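Understanding the architecture of this molecule
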Amino acid sequence: MELGVIGLGRMGQIVVDRVLDAGHDVVAFDIDEVARASAAEMGAETVDSIPAVAESLSPTRHVWLMVPAGDPVDAALAELTPHLDADDVVIDGGNSNFKDSVDRAERIEPTYLDCGTSGGPAGAELGFSLMVGGEKGAYDDLEPVFDAVATGPEGHELMGPSGAGHYVKMVHNGIEYALMQAYGEGFELLAEGRYDLDLEDIARTWTNGAVVRSWLLELAEESFREEGSDLGDVADHVAGGSTGTWTVQESLEQEVPLPLIYQALAERFNSRSGPRLSRRLANRLRYGFGRHEIKRQ
Ligand SMILES: NC(=O)C1=CN([C@@H]2O[C@H](COP(=O)(O)OP(=O)(O)OC[C@H]3O[C@@H](n4cnc5c(N)ncnc54)[C@H](O)[C@@H]3O)[C@@H](O)[C@H]2O)C=CC1
Ligand SMILES: O=C(CO)[C@H](O)[C@H](O)COP(=O)(O)O
């Protein structure tokens, strides 16, 4: 098969590499020249514009977008879709909001598949887990590409109609936030608690057979090994948050309570703030009602 790939960053390069490895042809473009050169080294045909991706592919064209969610997806689609036919297929493999994916599938002429991608750059060797939404016919046609990008045939599935792929990925990320928070809290108690414990040893022991074993736990073991048991100079600041925010928004709309995921998201926001007015007020109120000492900054 032939696949166009637009967006050759951390994730797009892996899509290119795995699709080429499986014996398919790739036409690739990124606004960044260095990223294009890297894809060319892997064996992709690189072109210098989005329209040229469409022009270099033969019908039926399949184009995989791996650009940041939001405006970059719309910008790429605006340049790409005038050069595609109704039979062609665009796959958005990024972390787009599922509502945007539903709108885009309705708005653009070529068939649109939304594809949640999990595994991250660190999972490149293994292949990704792919959660696809959209028309079954287009999904079936692209099976060889999905087999190549995913861990294999078991690593991808058509989840439902347009939006369903990104919806499942959104919830996946909500779970990811809560798991990270749970591991974080457990290790914090182990570090601050009554025994002098080695967190790397604990993570390794749990990774081998424990109920709570997981890839995130393996990454925790790696973190303690590489940074030290106290995580050295790693900052108390967690970035990101969009997919977790969407998960919580959806839980409110659906009236499905997700206290753990909300709490994990709130902890992220908390990590980015300076002194909090709410905590300072509580400090002052304790003086008000109990004449407890006011701690001053
Ligand atoms: N990094 C990760 O662990 C994961 C990322 N994702 C999602 O995959 C998507 C891509 O992520 P990364 O590869 O990590 O981002 P990245 O920032 O490494 O790469 C994005 C690439 O898109 C290019 N780009 C932006 N606008 C473009 C345009 N209009 N035309 C052509 N190229 C354009 C940039 O130059 C850059 O090379 C995002 O939606 C991200 O949320 C999904 C799962 C895991
Ligand atoms: O989708 C992912 C992992 O599954 C990406 O790494 C994503 O960036 C994680 O979300 P956040 O940036 O909010 O932590």
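The protein is annotated in an unreviewed UniProt entry as 6-phosphogluconate dehydrogenase, NAD(+)-dependent, decarboxylating of Halodesulfurarchaeum formicicum. Quoted straight from UniProt, the Function (unreviewed entry) entry for the protein says "Catalyzes the oxidative decarboxylation of 6-phosphogluconate to ribulose 5-phosphate and CO(2), with concomitant reduction of NAD to NADH." Note on the protein: under the UniProt heading Catalytic activity (unreviewed entry), the record states "6-phospho-D-gluconate + NAD(+) = D-ribulose 5-phosphate + CO2 + NADH".

Observations concerning the site of ligand 1
Around ligand 1 lies a shell of 20 residues, among which R10, M11, D30, N95 and T117 are the nearest. The contact in question runs from an oxygen atom of ligand 1 to an N or O atom on the backbone of R10, over 3.0 Å. Measuring from an oxygen atom of ligand 1, one finds a backbone N or O atom of V67 at 3.2 Å. Here ligand 1, which alone exposes 840 Å², has 78% of that area covered by the protein.

Things to note about the UniProt feature "active site" (unreviewed entry) in the protein
In the UniProt entry, the feature "active site" (unreviewed entry) is given for K169 and E176. Mapping K169 onto the fold places it in helix α8 (residues 164–192). Owing to a relative accessible area of 5%, K169 belongs among the buried residues under this scheme. Residues within four places of K169 in sequence aside, it is in contact with N95, G116, T117, S118 and M131.

What to know about the UniProt feature "binding site: substrate" (unreviewed entry) in the protein
Sequence positions flagged by UniProt for "binding site: substrate" (unreviewed entry) are, in local numbering, N95, S118, G119, G120, H172, N173, Y177 and R268. Mapping N95 onto the fold places it in the loop between β5 (89–92) and α5 (98–107). Using a relative accessible area of 33% as the deciding quantity, one classes N95 as partly exposed. Not counting chain neighbours up to four residues away, the residues in contact with N95 comprise A69, K169, N173, T243 and W246. For N95, the side chain forms a polar contact with the side chain of K169, separated by 2.9 Å. Its place among the elements puts G119 in the loop between β6 (111–118) and β7 (129–133). In contact with G119, other than residues within four places in its own chain, are F128 and W215.

Focus: the pattern of salt bridges
If you walk through the whole model with that rule in mind, you get ten salt bridges. A salt bridge links R104 to D74; its shortest N-O distance comes to 3.0 Å. Taken together, the residues span a long stretch of sequence, with R104 in helix α5 and D74 in helix α4 (residues 71–80) at a distance of 30 residues. Notably, a salt bridge pairs R225 with E221, separated by 3.6 Å at the nearest N-O pair. Residue R225 and its partner E221 are both found in helix α10 (residues 215–227); the two are separated by four residues, about one turn of the helix.

So, the site of ligand 2
Around ligand 2, the neighbouring residues are N95, K169, H172, N173, E176, Y177, G240, G241, S242, T243 and R268. One nitrogen or oxygen atom from the main chain of G241 is found 2.7 Å from an oxygen atom belonging to ligand 2. Protein coverage of the free-state accessible area of ligand 2, which is 360 Å², stands at 63%. Those elements that provide at least two residues to the shell around ligand 2 are α8 and α11 (242–254).

Some words on the packing of aromatic side chains
Taken as a whole, this structure holds five aromatic pairs when the rule is applied. By way of ring pairs, the aromatic residues W64, Y139 and F146 are connected into one cluster. Positioned above the aromatic ring of Y177 is the side chain of R268, whose terminal nitrogen or guanidinium carbon lies 3.7 Å from the ring centre. Taking NZ or CZ as reference, R291 lies 4.4 Å from the ring centre of Y287, over its face.

Rules used in this analysis
- Residues numbered from 1 in each chain as written.
- Chains lettered and ligands numbered in written order.
- Predicted model: local features only at pLDDT ≥ 70, side-chain atom pairs only at ≥ 80, totals over all residues.
- Heavy atoms only, no water.
- UniProt positions renumbered as here; feature names shortened; annotations may be inferred.
- Near = heavy atom within 4 Å.
- Polar contact = N/O pair within 3.5 Å; in protein donor to acceptor, adjacent residues only side chain to side chain.
- Areas by Shrake-Rupley, 256 points an atom, 1.4 Å probe, with all protein chains shown as cover.
- Helix = DSSP H or I, 4+ residues; strand = E, 2+ residues; numbered from the N terminus.
- Buried < 20%, exposed > 50% of the residue type's maximum accessible area, 1.4 Å probe, protein only.
- Contact = heavy atoms within 4.5 Å.
- Salt bridge = Lys/Arg side-chain N within 4 Å of Asp/Glu carboxyl O.
- Phe/Tyr/Trp six-rings, centres within 6.5 Å; stacked < 30°, edge-to-face > 60°.
- Lys NZ or Arg CZ within 6 Å of the ring centre and 35° of its normal.

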